[in-house]
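# Topology and contacts: notes
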Amino acid sequence: MTKTAWHSIPPAALVCAAAPAFFVLGWTWAGWLLLAAGIGIAALLERAARRAVSVGHRPDRASGERDAPSLTRDLSLIGIGMLIVHAISLEAQLDDLSMVRFTLALGGAVLVPYLLSRFAFRDRAISFPWRTRRRWARWQWAWLVAVLALGWLILPYYFITSGVYQNWPVVDSPDLIARLFVGVGAVGIWDELFFICTVFALLRRHMPALSANVLQMIVFVSFLWELGYRAWGPVLTIPFALLQGWIFLRTHSLAYVVTVHLLFDAVVFAVLVHAHNPGLLPFFLV
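Notes on the structure in this doc start here.

Conventions and cut-offs
- Residues numbered from 1 in each chain as written.
- Predicted model: local features only at pLDDT ≥ 70, side-chain atom pairs only at ≥ 80, totals over all residues.
- Heavy atoms only, no water.
- Phe/Tyr/Trp six-rings, centres within 6.5 Å; stacked < 30°, edge-to-face > 60°.
- Lys NZ or Arg CZ within 6 Å of the ring centre and 35° of its normal.
- Helix = DSSP H or I, 4+ residues; strand = E, 2+ residues; numbered from the N terminus.
- Expected span 1.5 Å × (residues − 1).
- Buried < 20%, exposed > 50% of the residue type's maximum accessible area, 1.4 Å probe, protein only.
- Core = buried A, V, L, I, M, F, W, Y, C linked by side-chain atoms within 4.5 Å.
- Contact = heavy atoms within 4.5 Å.
- Polar contact = N/O pair within 3.5 Å; in protein donor to acceptor, adjacent residues only side chain to side chain.
- Patch = residues over 30% accessible without salt bridge, like charges linked within 9 Å, V, L, I, M, F, W, Y side chains within 5 Å.
- Areas by Shrake-Rupley, 256 points an atom, 1.4 Å probe, with all protein chains shown as cover.
- Salt bridge = Lys/Arg side-chain N within 4 Å of Asp/Glu carboxyl O.
- Axes fitted to C-alpha atoms, helices over the stretch in contact; angles between N-to-C directions.
- Parallel < 35°, antiparallel > 145°, perpendicular 65-115°, else oblique.
- Left-handed = near helix turned anticlockwise from the far one by under 90°.
- Nonpolar A, V, L, I, M, F, W, Y, C, P; charged D, E, K, R; others polar.

Moving on: the packing of aromatic side chains. With the rule as written, the count across this model stands at 24 aromatic pairs. Here the aromatic residues Phe22, Phe23, Trp190, Phe194, Phe195, Phe220, Phe223, Phe240 and Phe264 are joined through ring pairs into a cluster of three or more. Above the ring of Phe200, the side-chain terminus of Arg204 is found at 5.7 Å from the ring centroid.

As structure tokens, this is what we get:
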């Protein structure tokens, strides 16, 4: 991280603010303007930095200033990913065409920035560190149990009393239940690939981890809002997104954050089935 790391926060914040414009407010024009403003300001900042070098400023080799990653490129990758996701409606549907559309859009939002970073920009800013060759600590195992317990206590009350379960299609047959299971799990894995391994990882190259985590949370929660986590859903999704970023920072393990997310989503899946089929799963309190 360079001495000018704090200068990267305003343009990055503009780019990440495009997420609520796209996914919460549905203001596509505002999202485009915010992306253009953030990336444009980043380009101006980097141009000014290069000009300072050209008139005699000596890069600080100890801080890595000479090899500092490009904020403009990294924010562009985040913007490209968001635009690919925004190309489709995120309304939950379980028909074949909708599932193919989700697969192509969400897969592209991860794959395109990764390929551009690796082969066009020739860096390794985006990676997917599945295993760390370290055993999970006791607190990690305890957190997995806590995720299940908290989900069991909170999620049925949230989905049913707020009525947001109706944002997901009725699942009243084995085929639809199976499709819902696959869809919920696949989106949960994608969340970690995009929001943590792509957005968070790119932002962390330019600013303190806390700032990067807050900004990735904005993108994360905005996506979940359009997906269906509405009403007072952000009360749940904001701390979840921040915790996922913090946990990844502590463990550097994609396997662990995916496990946490899949356990949470397993409860989400069960609650949706329960909400659409009262009495089918009698172990919930609501």
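Between the first and last C-alpha of helix H7 (residues 209-227) there are 27 Å, a value that for 19 residues agrees with the 27 Å anticipated at 1.5 Å per step. Within H7, 14 of the 19 residues are buried, which leaves the element mostly enclosed by the surrounding structure. Positioned one or two residues after H7, Gly228 has a phi angle of 140°, which is positive.

Below, the discussion takes up the nonpolar core. Counting residues in hydrophobic clusters, the biggest one holds 80 residues, and the most contacted among them are Met82, Phe159, Leu180, Trp190, Phe194, Leu203 and Phe223. It is helix H9 (residues 254-276) that provides the largest number of residues to this core, a total of 14 residues. Discounting residues that sit within four places of it in the chain, Leu180 has contacts with Leu94, Trp168, Val171, Phe269, Leu272 and Val273.

Let us look at the side chain of His261. Relative to the helices and strands, His261 resides in helix H9. Looking at His261, its side chain comes within polar contact range of the side chain of Asp191, at 3.3 Å.

This paragraph deals with a nonpolar patch on the surface. A cluster of nonpolar side chains, Leu150, Trp152, Leu153, Ile154, Tyr157, Trp232, Val235, Phe283, Leu285 and Val286, forms an exposed patch at the surface whose accessible area comes to about 950 Å². At five residues, helix H5 (residues 138-162) tops the list of elements feeding residues into the nonpolar patch. Its place among the elements puts Ile154 in helix H5. You can call Ile154 partly exposed: its relative accessible area is 33%.

Turning to the pattern of salt bridges, a few remarks are in order. Oppositely charged side chains can pair when the atoms bearing their charge come close. Scanning all chains against the criterion turns up four salt bridges. Where Asp123 meets Arg205, a salt bridge forms, and the shortest distance between an N and an O atom there is 3.2 Å. Of the two residues, Asp123 is situated in the loop between helix H4 (96-120) and H5 and Arg205 in the loop between helix H6 (174-204) and H7; the sequence distance between them amounts to 82 residues. Overall, the relative accessible area of 25% leaves Arg205 in the partly exposed class.

Turning next to the packing of helix H2 (residues 28-54) against helix H3 (residues 71-86). The N-to-C vectors of H2 and H3 enclose an angle of 165°; their axes lie 8 Å apart at closest approach. On the basis of their axis angle, the class for H2 and H3 is roughly antiparallel. Pair H2 / H3 crosses with left-handed handedness. Contacts between H2 and H3 pair Thr28, Trp32, Leu35, Gly38, Ile39, Ala42, Ala43 and Glu46 from the former with Leu71, Thr72, Leu75, Ser76, Gly79, Met82, Leu83 and His86 from the latter. Tallied by class, residues from the contact of H2 with H3 come to nine nonpolar, six polar and one charged.

Inspection of the secondary structure puts Gln93 in the loop between H3 and H4. In this structure Gln93 comes out as partly exposed when scored by relative accessible area, which is 33%. Sequence separation of Gln93 and Gly183 is 90 residues, and the distance between their C-alpha atoms is 9.2 Å. If sequence neighbours within four positions are ignored, Gln93 has contacts with Ser98, Met99 and Pro169.

The residue Val171 is located in the loop between H5 and H6 in this model. Taking the relative accessible area as the measure of exposure, Val171 reaches 0% and is therefore buried. Sequence separation between Val171 and His276 is 105 residues; the distance between their C-alpha atoms is 6.5 Å.

Moving on: unusual backbone geometry. Backbone phi values are negative for most residues with the exception of glycine, while trans is the configuration of most peptide bonds. A positive phi is found at Arg122, a non-glycine position, where the angle reads about 55°. Along the chain, Arg122 falls in the loop between H4 and H5. One non-glycine residue, His252, lies in positive phi territory at about 55°. Inspection of the secondary structure puts His252 in the loop between helix H8 (234-251) and H9.

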